[in-house]
Amino acid sequence: MRADIKIKVCMGPSGIATGGADVIEAFKNEINSIGKKAIIEERCSLHQVGCLGFCAKDVLVEVVVDGKKTIYEYVKPGMVSRIVKEHILEGNPVTEWIAGEEYYNFHKKQIKVVLSNCGEIDPEDINAYLAVGGYEAARMALTLMSPEEIVEVVKSSNLRGRGGAGFPTGLKWDLSLKIKSDVKYVICNGDEGDPGAFMDRSVMEGDPHSVIEGMIICAKAIGSHQGYIYVRAEYPLAVKRLQIAINQCYEAGLLGENILGTGFDFDLKIYQGAGAFVCGEATALMRSIEGKRGMPTPKLWRSAEKGLWEKPTVLNNVETFANIPRIILKGADWYSSLGTERSGGTKVFALTGKMKNAGLIEVPLGITLREIIYDIGGGIENGRAFKAVQTGGPSGGCIPAELLDIEVDYESLALVGSIMGSGGMVVLDETDCMVDIAKFFLEFTQAESCGKCIPCRVGTKRMLEILNRITVGNAKEGDIELLEELGQDIKVTSLCGLGLTAPNPVLSTIRYFRNEYEAHIKDKKCPAAVCKDLITFSILEEFCNGCGACKRACPADAIIGKRKKIHKIDPEPCIKCGTCFDVCKFNAIMKM
Amino acid sequence: MADIVGLTIDDKEVQAPEGMNLIDAAELAGVHIPNLCYLKGMKGIGACRLCLIEIEGLKAPMIACNTKVKEGMVINTKTEKVLEIRKFVIDLILSMHPLDCMTCTKAGVCRLQQYAYDFGIKESSFTRKRFGYPADEANPFIKRDPEYCIICGKCVHICKAQGTSVLDFMGRGVEAKVITANDRPLQESGCTFCGSCVDVCPVNALLEADRWRKGREWEYEKVNSVCLLCGNGCEITVSTKEGSIQKINAGAAEGSAERYICAYGRFGFDCIEAETRLTHPMKRINGELKETTWEDALRTVADKLKRSGKDVGFISVAGIVNEDALVLKKFVKDVVKTENVNTTMSLYADSDSLRKSHTADIDDADLVFLVGLSPSQRERILPALDAAIRKKVNRGLKLVVINSSEAKIAEASTISLKGDEVSNLKAIVRVLIDKGFKADKEIESSVKDAEVSEDIEKAASLFAEAKEPLIFSSPSLFWASANISLLKGKIISVALESNARGVALMGLTTEGKTYKEMVGTAESKEQSAQSGVKVLYAVGEVPLNKRPDGIDFLIVQNSHLTELAQQADVILPSATFLESAGTIIDYMGRLKYLPQIIEPQGASKSHRDIFIHLSKIIGSPLKRPAEAEVKKATRVKTKLSFSPFVKKEGFDISPSELIDSINASVINGSRLLWLKEIERAMAV
Ligand SMILES: Cc1cc2nc3c(=O)[nH]c(=O)nc-3n(C[C@H](O)[C@H](O)[C@H](O)COP(=O)(O)O)c2cc1C
Ligand code: SF4
Ligand code: SF4
Ligand code: SF4
Ligand code: FES
């Protein structure tokens, strides 16, 4: 029995958080301890792999025996010894821990292009990348293709920038190629400042070489010899793995002078950003690399003409670059056919919120929101009703249930008042208050506004004040209209994308959930029972059996009632913390 | 010349030079596009969003400050959409503003007030918010009150552009504000108190410290003049109220790189009413200086001069106006009949280099060679030149610094050539000749063994490519540097006093004893001792604290009681440059007018009036010089020819010491003294 055994433990962002490292440690120890029976140890290899894309079930462990994959979910260090004993030693997978049907459904509608290596290969080993065809595309681009040919392929692939705005990548490269200059720059935007986003991080951590390869191809296409990867300093693992990958490339002759003996030179450096959202904006990012304050500057020129240090520059997102090697290898037709007519290929999304299966997914463009949320995401947790999906992070908007059948691409999302953005997707259910959601995002943008231009600096603050007074019941008649007016004005007057899109969450929630705003203003009620100042807690007599759990838990001593008698909440001292609601086993507490 | 393009702004046809932005182009058509963050001459930064206008064919409004004119463009600056945007922006700003126009010093010239008025916005339609930030009032020059700040960023940008970089932005969102490093008071942040930020601030956030309830702009009378305190001769705008000066601002045209004045020029005017100000003539009686009448003082002096004739020596500063210089020259040569007259100019320059310098404008230059000069705002050595060059570098000027000693401004240079200046100059000429520039045999042969480095090559290439290269040279290196300007471009010998060039052109140079001989600091002791000058007549604040040995009679004619004046036999009180009219030729060769702005203090008189009086008493009356006479004296041919590559010796006075010395009364008699003390404390 000389089975080839591999154990892969998910070390992606949520994998680490849920204890992936402990699980790895446990496997190492177990295998070591049985390693005394020499045969098995030799056959095992341990991979730290990128995100397996099923965050809800972490830690995920893949055990491959004789090429046969078994996925375990919710693995804890304590479970490792049994897996090693029964599965690896005895050849009987532990059936009760194996990932269920959901895991397979989760993958069915997905197409992995950018994520194809994430979770499959060791990101810290260039040989693993080479073994799956890595740097073949770069070799082709450098040896067989002219810059014009590369640009042509990227153009006809219909690849559009994955950083948010969706600018056609081929066109961007073409503009840059046509400008004559000795010095040009290629920059990869790995700032990823949206709250809750981890798409780019997963790629940088899980498949750093694909990003580097994409950049090398871009450099060749436009004639650049210096590149930067701008990564926020809050992503130390991404920085570490990118650096390892860059070092390996220098050693392997894939970066530096005379790459692959073709005479082409390209140097690549990591620049660690301070982690401000606005630094992801193209001009602010370039100022930041130049050592200035990360503040957007008006664009008199396209970056393609005058970017970093006033030299022609191509700035693309991490995911954009990671697509490039695949497009070069498999062809523009293949890629464009994956998506829609206007947007080729696939897009990675970070599904979060009230879905059953949250996680990182990659889907072909043109898929419907319904397919994403119900088929891949498994629908809403706890059988609650779906309310809306927020796409595009703080720059995007909320899309209501009745629009679930729209196809996901740049134009159709914009048409309904949201944006594709960089791929954040937050699913909201009936327990989410739309005013509160809008406030959450606006609080974020207001705090992240660089403060340079007046509409964004002051205007978003004013909108926030109005939202605040709506959520505490102090709003005035006309506040919705004022919000709309302010939002529209900010959208035309701001200097950069941050301010230009900041009102979107507010405007889109007003557009689709105006009645919810009105309920807050006119009836002083929060229909989703989220806004504390607008809700009251009371006890339903018919359900209360006087167990006293709520009374004991209440931090404000607001609950009165004798044991075995019906309890009551005194609204005066009640601080609306909701503790009673959570502790009552009999659903006797009402929140409204 | 830039090409002209035609466009339409609010139905008006406009011809504007290519590359001009829409705010400036609209100005040509008499259309004002509201703006709060735009600094003329600098790249629009797009912060205030007030200048958004509509361009036909484009959907989104564009900012006028950062959009360039294009042939056939059709622009509308007053559409409904644009007006709504402006109103919205003003409304937002007002929601963060104190709105206390009734007591605000800036009322009347506040841009925000003006725009609020234009839009009829009395109160913001949003809830008002104040931060309660404290004001920085810890210095006597500039009050910084962040409560009023609208974060237009002008102060930050001007401060950075001129190279002082004291101010910067901090914080995000509404919390964003303008601060100094670590939010320290200005005097602890490397601030030079030039007040450029005060000049650009559109609101009341940056203001002269002493302005509270001292009158508002509409109460002032404004007069343009020139600062005579140093070699830059900056243009200033003086505001007066009821015959006294309230403030001084930079006076050069908006958008010009020369729009700058230093703390001396801006705040030194306090000295006009200093305790040391001389308001009466004085005379030594029984060893003690006593006030006396003009009549008596002048008679005493006239008597002395008449009797002493050739034994009289005149020394003067070179910061006197042309008219004073002309009269002084005639007074010395025709009335007193001596050859002994010389100015402080001789301490740092040969008059020929000044006479032969070109006339230029730094705003036109695209390349500057700075030879042997170390301008510095911090040390106040030609601070305005330092600021202008740095601003121009920001706008694309190339700078080559050629200096054997450390020059701070080299940090702004494209190329900095250290080491012996003369060798470097030679090497540059050599490369230029190799590049095909035509030169005399003499030049060719004198540079043929010059050593050429990579940097020299680069500097020469920059020179060869430049359209309007301009050389600023220290006088000692003028003749060596001038050899480059024989190939192309212009050259200026940069003096340390405001009218050194004028004084040279008026011919106020000695044919007798030198300045150093007369004051006893000549290289050889014998020379000084044998100068034979017995009566010394000192005009202006000469850098001399001790009455020279061998002087029997000392006449000091100055506005303030200096240490030297205290040792005088007669003191004649003179008017300051703000109290008398005249002209100067600034270092760039431009004739500049100084009107009389206020009445002279007490009984003080202009230098020329004093000489004319004296001439009458002596019996050969002089007339006030006619305008034509000054003009005629300024007309010189600047035909240069080859001169050997050598550095002229003898001009080794420390520039900063000289400038502080000739301005000692200005500094000690004004709030500048506070600054000097702070600077001294910081230095230890
Ligand atoms: C406020 C703001 C934040 C942004 N943050 C990011 C980011 O984190 N990552 C990114 O790739 N693009 C970000 N962008 C978009 C970039 O400006 C730019 O469009 C993008 O990097 C271009 O790459 P692409 O064409 O490949 O999308 C941001 C834009 C704005 C306005
Ligand atoms: S829109 Fe906001 S983030 Fe962008 S420049 Fe203006 S203030 Fe800064
Ligand atoms: S202090 Fe004045 S100039 Fe500076 S940012 Fe504030 S308002 Fe603008
Ligand atoms: S730089 Fe010289 S001339 Fe200009 S303001 Fe200062 S002292 Fe006066
Ligand atoms: S003047 Fe153009 S944005 Fe302020």
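Computed from a predicted model, the values in this text were never measured in an experiment.

Asks: How should the overall build of chain B be read in this particular structure?
Replies: Assigned secondary structure in chain B consists of 23 helices and 26 strands. Expressed along its principal axes, the backbone C-alpha trace of chain B runs to roughly 85 × 65 × 50 Å. Residue burial in chain B is summarised as follows: out of 684 residues, 53% are buried. The long-range fraction of contacts in chain B, counting pairs at least 24 apart against all pairs at least 6 apart in sequence, stands at 69%.

Asks: Looking at this model, I keep getting lost on the sheet that holds strand β20 (residues 469-473) of chain B. Mind explaining?
Replies: The strands making up a sheet associate through hydrogen bonds between their backbones, and the pairing can be parallel or antiparallel. All names here are of chain B. Strands sit in the order β19-β18-β17-β20-β21 across an open sheet of 5 strands; the sheet is parallel. Each edge of the open sheet is held by one strand with a lone partner, namely β19 (415-417) and β21 (490-493). Sheet twist, expressed as the mean angle between neighbouring strand axes with direction ignored, is 15°. Looking at chain direction, strand β17 (residues 367-371) and strand β18 (residues 398-402) are connected through 5 bridges and run parallel. In the sheet register, Val-368 faces β18, and the bridge partner there is Leu-399.

Asks: What's the story with the interface of chain B and chain A in this structure? I'm lost.
Replies: One frequent convention defines the size of an interface as the accessible area lost when the parts assemble. Residue-level contacts link 27 residues of chain B with 24 residues of chain A. Among the elements that take part in the side of chain B that touches chain A, helix α2 (residues 80-94) of chain B stands out by supplying 5 residues, more than any other. In terms of residue class, the side of chain B that touches chain A is made up of 18 nonpolar, 7 polar and 2 charged.

Asks: Can you help me understand the site of ligand 2 in this one?
Replies: Around ligand 2 there are 14 residues in total, and Cys-450, Cys-453, Cys-456, Cys-496 and Gly-499 of chain A lie nearest to it. Of all the elements in the fold, those that place two or more residues in the shell around ligand 2 are α19 (454-471) and α21 (497-501) of chain A.

Asks: Which parts of the structure should I look at to understand the packing of α19 of chain A against helix α22 (residues 504-522) of chain A?
Replies: The axes of two packed helices give the description: the angle between them and the distance between them. Residues and elements named next belong to chain A. Contact geometry of α19 with α22 gives a least axis separation of 11 Å together with a crossing angle of 35°. Taken together, the residues of α22 that come into contact with α19 (itself represented by Met-463, Leu-467, Ile-470 and Thr-471) are Val-506, Tyr-517, His-520 and Ile-521. Classifying every residue of the contact of α19 with α22 gives 6 nonpolar, 2 polar and no charged.

Asks: Help me understand the domain arrangement of chain B, please; the structure alone is not making it clear to me.
Replies: What the domain assignment reports for chain B is domain 1 (4-94), domain 2 (111-273), domain 3 (282-348 + 499-634) and domain 4 (353-494). Residues belonging to the side of domain 2 of chain B that touches domain 4 of chain B are distributed by class as follows: 9 nonpolar, 7 polar and 1 charged.

Asks: Explanation requested: helix α10 (residues 199-206) of chain A in the structure shown.
Replies: Residues that lie three or four places apart on an α-helix share one face, since the helix turns once every 3.6 residues. The element α10 of chain A is largely enclosed, with a buried count of 8 among its 8 residues. Within the span of α10 of chain A, buried status applies to Met-199, Asp-200, Arg-201, Ser-202, Val-203, Met-204, Glu-205 and Gly-206 of chain A.

Asks: Which parts of the structure should I look at to understand the pairing of strand β13 (residues 397-400) of chain A?
Replies: For a regular strand, side-chain orientation follows a simple rule: the groups alternate between the two sheet faces. All names here are of chain A. Where strand β12 (residues 386-391) meets β13, 4 bridges bridge the pair, whose relative direction is antiparallel. In the strand pairing of β13, Val-389 is matched with Ile-399. In this antiparallel pair of consecutive strands, β12 and β13, the connection spans 5 residues, and Gly-392 shows a positive phi of 80°.

Asks: Please explain the environment of Ala-388 of chain B as it appears in this structure.
Replies: Residues and elements named next belong to chain B. Here Ala-388 lies in helix α10 (residues 383-394). Considering only alpha carbons, one finds Ala-388 and Glu-258, 130 residues apart in sequence, at a separation of 5.2 Å. Excluding residues that lie within four positions of it along the chain, Ala-388 makes contacts with Ala-257, Glu-258, Tyr-260 and Ile-362.

Asks: Looking at this structure, how should I read the site of ligand 1?
Replies: Residues and elements named next belong to chain A. Residues in close proximity to ligand 1 total 23 residues, the closest being Gly-161, Gly-163, Gly-280, Asn-317 and Gly-497. Those elements that provide at least two residues to the shell around ligand 1 are β9 (313-317) and α21. Looking at the shell around ligand 1 element by element, the count peaks at 3 residues for β9. Class assignment for the residues of the shell around ligand 1 results in 8 nonpolar, 11 polar and 4 charged. Both domains that furnish three or more residues to the shell around ligand 1 are identified here as domain 2 (126-338) and domain 4 (434-522).

Asks: Even after reading the chapter, I still don't get the nonpolar core, so can you show me in this structure?
Replies: For soluble globular proteins, nonpolar side chains are generally found buried alongside one another. With 360 residues, the main nonpolar core has Cys-218 of chain A together with Ile-428 of chain B as its most contacted residues. Ranked by the residues each element gives to this core, the list is headed by helix α11 (residues 208-222) of chain A, at 9 residues. With sequence-adjacent residues up to four places away left out, Cys-218 of chain A is seen in contact with Trp-173, Val-186, Val-314, Phe-321 and Ile-324 of chain A. The next biggest cluster of nonpolar side chains, apart from the first, holds 18 residues, and it includes Val-23, Leu-60, Val-61 and Ile-88 of chain A.

Asks: Please clarify how the environment of Val-447 of chain B should be interpreted in this entry.
Replies: Residues and elements named next belong to chain B. Among the structural elements, Val-447 can be located in helix α12 (residues 441-447). With 23 C-beta atoms packed within 10 Å, Val-447 lands in the buried category. Along the primary structure Val-447 and Ala-427 are separated by 20 residues, whereas in three dimensions their C-alpha atoms are 6.7 Å apart. Excluding its chain neighbours within four sequence positions, the residues that come into contact with Val-447 are Lys-426, Val-429, Arg-430 and Ile-433.

Asks: Got a minute to help me understand the sheet that holds strand β11 (residues 235-241) of chain B in this structure?
Replies: Residue and element names in this part refer to chain B. Read across the sheet, 3 strands follow the order β10-β11-β12 without closing on themselves; strand pairing throughout is antiparallel. At either end of the open sheet lies a strand with only one pairing partner, and these are β10 (221-226) and β12 (244-250). The mean inter-strand angle of the sheet, taken between neighbouring strand axes irrespective of direction, is 30°. Sheet analysis places β10 next to β11, joined by 6 bridges and oriented antiparallel. Within the sheet, the bridge partner assigned to Ser-225 lies in β11 and is Ile-236.

Asks: Would you mind going over the packing of helix α8 (residues 147-156) of chain A against α11 of chain A with me for this structure?
Replies: Residue and element names in this part refer to chain A. Two numbers describe how α8 lies on α11: the axes approach to 7 Å, and their chain directions differ by 125°. In terms of orientation, α8 lies oblique with respect to α11. Relative to α11, the crossing made by α8 is left-handed. Across from Pro-147, Ile-150 and Val-151 in α8, the residues of α11 making contact are Ile-217, Lys-220, Ala-221 and Ile-222. For the contact of α8 with α11, the class distribution of residues is 6 nonpolar, no polar and 1 charged.

Asks: Please clarify how unusual backbone geometry should be interpreted in this entry.
Replies: Residues and elements named next belong to chain B. Positive phi, close to 70°, is recorded for Asp-11, a residue that is not glycine. Structurally, the position occupied by Asp-11 is in the loop between β1 (4-9) and β2 (12-17). Judged by local crowding, Asp-11 falls into the exposed class, with 10 C-beta atoms found within 10 Å. In the Ramachandran plot, Ser-165 falls in the positive-phi region, its phi being about 45° despite a non-glycine side chain. Within the element layout of this structure, Ser-165 appears in the loop between α4 (154-161) and β7 (167-170). Given 13 C-beta atoms within a 10 Å radius, Ser-165 is considered partly exposed.

Basis of the calculations
- Residues numbered from 1 in each chain as written.
- Chains lettered and ligands numbered in written order.
- Predicted model: local features only at pLDDT ≥ 70, side-chain atom pairs only at ≥ 80, totals over all residues.
- Helix = DSSP H or I, 4+ residues; strand = E, 2+ residues; numbered from the N terminus.
- Buried ≥ 20, exposed ≤ 12 C-beta atoms within 10 Å, placed from the backbone.
- Contact = placed C-beta atoms within 7 Å.
- Pairing = 2+ DSSP bridges.
- Axes fitted to C-alpha atoms, helices over the stretch in contact; angles between N-to-C directions.
- Nonpolar A, V, L, I, M, F, W, Y, C, P; charged D, E, K, R; others polar.
- Near = placed C-beta within 6 Å.
- Domains from an automatic or database assignment.
- Core = buried A, V, L, I, M, F, W, Y, C linked by C-beta atoms within 7 Å.
- Parallel < 35°, antiparallel > 145°, perpendicular 65-115°, else oblique.
- Left-handed = near helix turned anticlockwise from the far one by under 90°.

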